[in-house]
Amino acid sequence: MDAVNGQPGLGEIIVLSGQQAGRTFSIFKPITTIGRDKTNDIVFDDGYISRSHAELIWQNGSWTIENKTAGNNRVTVNQQDVQQSMLNFGDEIGLGRGPFTIFRLQAITLATTDNDTDTTGKIPAVQAVKGNTPQSPTQPRQPVQPVKPMSPQNALATPNNVQQGPPPQGDQSGLTTPSTPLPKAGPGVQPRPSAPLQPANSSTPLTSTVPPDSPLGGTPTGQSTTDLTRTRHFGTPFLEVSTNINSDRALYYLDKSINNIGYDSSNEIAIKVRIVSAFHARIVQNGDQWVLEHPHPSRAETMNGLIYQGQPIAGKASFCKILESGDIFRIGHEDGTLVTLTYFDGRTLPQETLPNSPPILLNKSVITIGRLSDNDVPLNHPLVSAQHALLQSVAGGYSITDLKSTNHVFVNGNPIHITHLLQINDEIRIGPFRYYFNGMQLTGVDESSRVQIVAQELKKISTQRTVQLGRLGPLRALEFTHSRTDLTETDPGKDMNIDIPGIIKVTTQQISLLNGISIAIPPKSFVAVVGGSGAGKSTLMEALNGVQPVREGEVLYNGRNYYHNMADFSSQLGYVPQADIVHTDLTVERALYYAARMRLPSDYTEAQIQQRIHEVLQDVELVHRRKAVIGKLSGGQRKRVSIALELLANPSVFFLDEPTSGLDPSLDLKMMQLLHTLADKGRTVILVTHATTNINDCDFVCFLCQGGRLAYFGPPPRCARLFWQRKLHTNL
């Protein structure tokens, strides 16, 4: 546990999101300063947080937080903007203008004995301390559940001179400013008043953006999803229904014990889209839980089944799922139409969480970490070697040793080559698993399927130099334009500004490639970067993946500066260039085998390699072509082989340059559906494309215009509406 001071603690905060997600800080001072500057008691090295951001105050037996930015930055308590507010244990505090750093205040529940270690070298036992939720002395501390920062719309600061679409209806941030003055600091501080909450009493579907003639049904209310947690419907779960064929979005409250879903008008949730069966599924209440059942009990099968987490569920397949807030189900058709059903519990705003990796308790003198199950800490991921690292109890505490792993062990962003003695607050990364050492255990998160990418004010300028060569006098001159590494002969110029024999003129011109681009890409999203030639599409992608970093602006991966931590994330990135780089004389299976030998840890056995090849062929739907020669495959199938090569290492982020180039519309559609499935399985997928025929299959569109300016970032249907098109179907 990180200590702010050295005395018995008053409380503690657990960081739920941001680059320090998973860490715990104990509070020992009556006034604790929080900010980006290193002089603060708690430091968050995040560009969204001010140097001196907030103060956490313990006075007269109560907690108060105060915003110290003079209104220039934000502090929220339970998603409400505050300048100063009293706190209770369990409150969640957010800091920042964009993707929030969120932490929770709670009572200290564990303390250690006076002895550092016992005679066996194990860590001392923990004992309960007075607090809201004391724990048994033998019960290990439960891992923290980090959450993702706010939605992309909240993370964006509108760039100067950038055309943005009209804001969505209602409050999109989930934050409101209190209309009454906030109390001053001191003993008289009272909690913020809240309106009384009443249960929902209407079965009529409420919608936020649904016109009267929408196939999704419902009546307009002007409410955003985030507003619903503060209305009289608080606590009532609801289902959000949307499609990729328009921007309609319907909200249906689950205020009956059985809620039928289907095309037929008699359903409580009637979806008038032809790919939905008359009675498709239902959501039933089971005690305090809600369960989705497919197919509907009145039908033996449905036309198009379901898709959950990228896995298709056949129309005849029985499927039941206990619902959790944020669960997403899709109904899809081969023509590209998608209907999306998203469940919310009505009590909390949906947040994309970073799954906890089980904490590593330092209760043995030697602890092995690796991919195989016989390790003390098994981490089953292709980037982790069979025997990857070793934790050992030593005189100064604990050390970690890299056991000659393929992808290394990183401590505080640097690979270790020998044994490293761990210090309090050290960050350890093994593959996609990130851990923090607090002296008693390693607490960590699994980033293999949760990578958010945020770009902040990206700017890039290219300097083009023109050199005009020739002889003095009336002889013909040749003008050459030098840009990057190519020389192109053009017509001669006229003016002479350098009087050197053999060189008639040298001029320079600055060209803006990226002009203040700010976007936020949520985890598991499928994003298309589109725009005309020369708009900066490839430049933006190269800035996001680090191939060509920008000099101005930041790229953040899960809240951490990617350029400063590139070694940590590089093994988690996949890249598919426009030109296929597979050997056309090999079979699909053999090409993947050679790639696996180069990309996977050297300790992979033949059986494990074949299993991994089978898994990626299933992902790209090429199992039936594994014995085929690549040169005899269609263009779309060859591109799938290129994708399969990158999938071998199971990357968390996937970049593709023109993957549908040269494909006919039907193959283009199949490729887009495949990429959407890969995103649903936990990857962040970003592609550059000119073709927009099937752009509605994406979750977000990043539309660039000339000069590297951002014209639009958001869902495809709204983009079409803003640009006066029913569908984006024109090749750019």
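This structure is a prediction, so every number in the text was calculated from the model and none was measured.

A. Local environment of the pairing of strand E6 (residues 54-59). Relative to E6, strand E4 (residues 31-35) is paired through four bridges, and the arrangement is antiparallel. Residue pairing across strands places Thr32 opposite Leu56, the latter belonging to E6. Of the strand pairs in this sheet, E6 and strand E7 (residues 62-67) are connected by six bridges, and their pairing is antiparallel. Counted as the bridge partner of Trp58 is Trp63 from E7. Two successive antiparallel strands, E6 and E7, enclose a turn made up of two residues, where Asn60 displays a positive phi of approximately 55 degrees.

B. Structural context of the sheet that holds strand E22 (residues 289-294). Spatial strand order, E20-E19-E21-E22-E25: five strands in an open sheet with mixed pairing. With one partner strand each, in any of the chains shown, strand E20 (269-270) and strand E25 (319-322) form the two edges of the open sheet. As paired elements, strand E19 (residues 258-262) and E20 share two bridges and run parallel to each other. Each residue of the ladder has a partner; that of Gly262, found in E20, is Ala270.

C. Highlighting the packing of helix H6 (residues 635-647) against helix H7 (residues 665-680). Packing of H6 against H7 leaves a shortest axis separation of 11 Å and a crossing angle of 15 degrees. What the angle tells us is that H6 and H7 run roughly parallel. Relative to H7, the crossing made by H6 is right-handed. Each of Gly636, Lys639, Arg640, Ile643 and Leu647 in H6 lies in contact with H7, whose residues at this interface are Leu667, Lys670, Met671, Leu674, Leu675 and Leu678. Class assignment of the residues belonging to the contact of H6 with H7 gives a composition of seven nonpolar, one polar and three charged.

D. Seen up close, the side chain of Arg282. Mapped onto the elements, Arg282 comes out in strand E21 (residues 281-286). Here the side chain of Arg282 touches Glu293 through a polar contact of 2.8 Å, side chain to side chain. If we skip the residues at most four places from it in the chain, Arg282 touches Ile258, Asn259, Asn260, Ile261, Val291, Leu292, Glu293, His296 and Pro297.

E. Spatial organisation of the environment of Asp376. Summarising the element assignment, Asp376 is placed in the loop between strand E29 (366-370) and strand E30 (377-378). Separated by 16 residues in the primary sequence, Asp376 and Ile360 place their C-alpha atoms 9.1 Å from one another. When residues no more than four places from it in sequence are discounted, the contact partners of Asp376 are Lys364, Val366, Ile367 and Thr368. At 2.8 Å, the side chain of Asp376 and the side chain of Lys364 are in polar contact. Among the polar contacts listed, one links the side chain of Asp376 to the backbone nitrogen of Thr368, at a separation of 2.9 Å.

F. Structural detail: the packing of helix H4 (residues 588-599) against helix H5 (residues 606-619). The contact between H4 and H5 brings their axes to 10 Å, and the two run at 120 degrees. Considering their axes alone, H4 and H5 lie oblique with respect to each other. Relative to H5, H4 is oriented so that their crossing is right-handed. On H5, the residues that touch Val588, Glu589, Leu592, Tyr593, Ala596 and Arg597 of H4 are Glu606, Ile609, Gln610, Ile613, Val616 and Leu617. Of the residues that constitute the contact of H4 with H5, the class distribution is eight nonpolar, one polar and three charged.

G. Summary view of the packing of aromatic side chains. The full count for this structure, using the stated rule, is 14 aromatic pairs. Ring geometry for Phe25 and Phe44: centres 6.3 Å apart, planes at 75 degrees, overall edge-to-face. Pair noted here: Phe25 is in strand E3 (residues 24-27) and Phe44 is in the loop between strand E5 (42-43) and E6, with a separation of 19 residues, a long-range link. Of the residues examined, Phe25 reaches a relative accessible area of 7% and is grouped as buried. By relative accessible area, Phe44 is classed as buried at 2%. For the pair Phe319 and Phe329, a centre-to-centre distance of 6.3 Å together with 70 degrees between the ring planes defines the contact as edge-to-face. A residue pair is termed long-range when its members are at least 10 positions apart, and Phe319 in strand E25 and Phe329 in strand E26 (residues 328-332) qualify at 10 residues. Here Phe319 falls in the buried class, since its relative accessible area comes to 16%. Look at Phe329 and you get buried, because its relative accessible area is 1%. A connected cluster of aromatic rings, assembled from ring pairs, spans Tyr557, Tyr562, Tyr563 and Phe569. The ring of Tyr263 carries the charged tip of Lys272 above its face, separated from the ring centre by 4.5 Å.

H. Geometry of the nonpolar core. Residues Leu592, Ile643 and Leu675 are the most contacted members of the largest nonpolar core, which totals 46 residues. Contact partners of Ile643, with chain neighbours within four places excluded, come to Val576, Val620, Phe654, Leu656, Met671, Leu674, Leu675 and Leu678. Core analysis: the next-biggest nonpolar cluster, separate from the first, contains 31 residues, Ile453, Ile519, Leu540 and Leu710 among them.

I. Representation of the pairing of strand E50 (residues 709-714). Counting buried positions over the six residues of E50 gives five, a clear majority of the element. Pairing of strand E49 (residues 700-705) with E50 involves five bridges; the strand directions are antiparallel. Within the sheet, the bridge partner assigned to Phe703 lies in E50 and is Tyr712. Remark: three residues form the turn of the hairpin made by E49 and E50, two consecutive strands paired antiparallel; Gly707 in that turn has positive phi of roughly 85 degrees.

J. Highlighting unusual backbone geometry. The amide bond that connects His294 to the next residue, Pro295, takes the cis arrangement and shows omega of -10 degrees. With respect to the element layout, Pro295 can be found in the loop between E22 and strand E23 (306-308). Phi is positive for Lys524, close to 60 degrees, though the residue is something other than glycine. Mapped onto the secondary structure, Lys524 falls in the loop between strand E42 (503-521) and strand E43 (526-531). Unusually for a residue other than glycine, Asn650 sits at a positive phi of about 55 degrees. Relative to the helices and strands, Asn650 is located in the loop between H6 and strand E47 (653-657).

Cut-off values and rules
Each residue is numbered by its place in its chain's sequence as written, counting from 1. Selection of residues for local features in this predicted model requires a pLDDT of at least 70, selection of side-chain atom pairs for listing and counting requires 80 or more, and totals for whole chains, interfaces and linings are taken over all residues. For the side-chain quantities, the full set of heavy atoms in the structure was used; hydrogens and water were omitted. Pairing between strands is defined by DSSP: at least two bridges between them are needed. A run of H or I in DSSP becomes a helix once it reaches four residues, and a run of E becomes a strand once it reaches two; helices and strands are each numbered from the N terminus. Working convention: axes come from line fits to C-alpha atoms, limited for helices to the stretch in contact. Angles between N-to-C directions cover 0 to 180 degrees. An angle below 35 degrees is read as roughly parallel, one above 145 as roughly antiparallel, one from 65 to 115 as roughly perpendicular, and any other as oblique. Here is the rule for handedness: rotate from the far helix to the near one, and if that takes an anticlockwise turn smaller than a right angle the crossing is left-handed, while a clockwise turn gives right-handed. In what follows, a contact means two residues having at least one pair of non-hydrogen atoms within 4.5 Å. In this classification, the charged set is Asp, Glu, Lys and Arg, the nonpolar set is Ala, Val, Leu, Ile, Met, Phe, Trp, Tyr, Cys and Pro, and all remaining amino acids, among them Gly, are polar. N or O atoms closer than or at 3.5 Å make up a polar contact, with two conditions inside protein: a donor-capable atom paired with an acceptor-capable one, and, for residues adjacent in sequence, both atoms drawn from side chains. Stacked, tilted and edge-to-face are the three classes applied to pairs of Phe, Tyr and Trp rings, where Trp contributes its six-membered ring and a pair requires centres within 6.5 Å; stacked means planes under 30 degrees apart, edge-to-face means over 60, and tilted covers the rest. For the exposure calls, accessible area comes from a 1.4 Å probe over protein chains only, and a residue counts as buried if that area is under 20% of its type's maximum, exposed if over 50%, partly exposed in between. Criterion for a charge above a ring: Arg CZ or Lys NZ at most 6 Å from the ring centre, at most 35 degrees from the ring normal. Working definition of a nonpolar core: buried Ala, Val, Leu, Ile, Met, Phe, Trp, Tyr and Cys residues. They are joined through side-chain atoms within 4.5 Å.

Treat this as a map of the structure, not an account of what it does.
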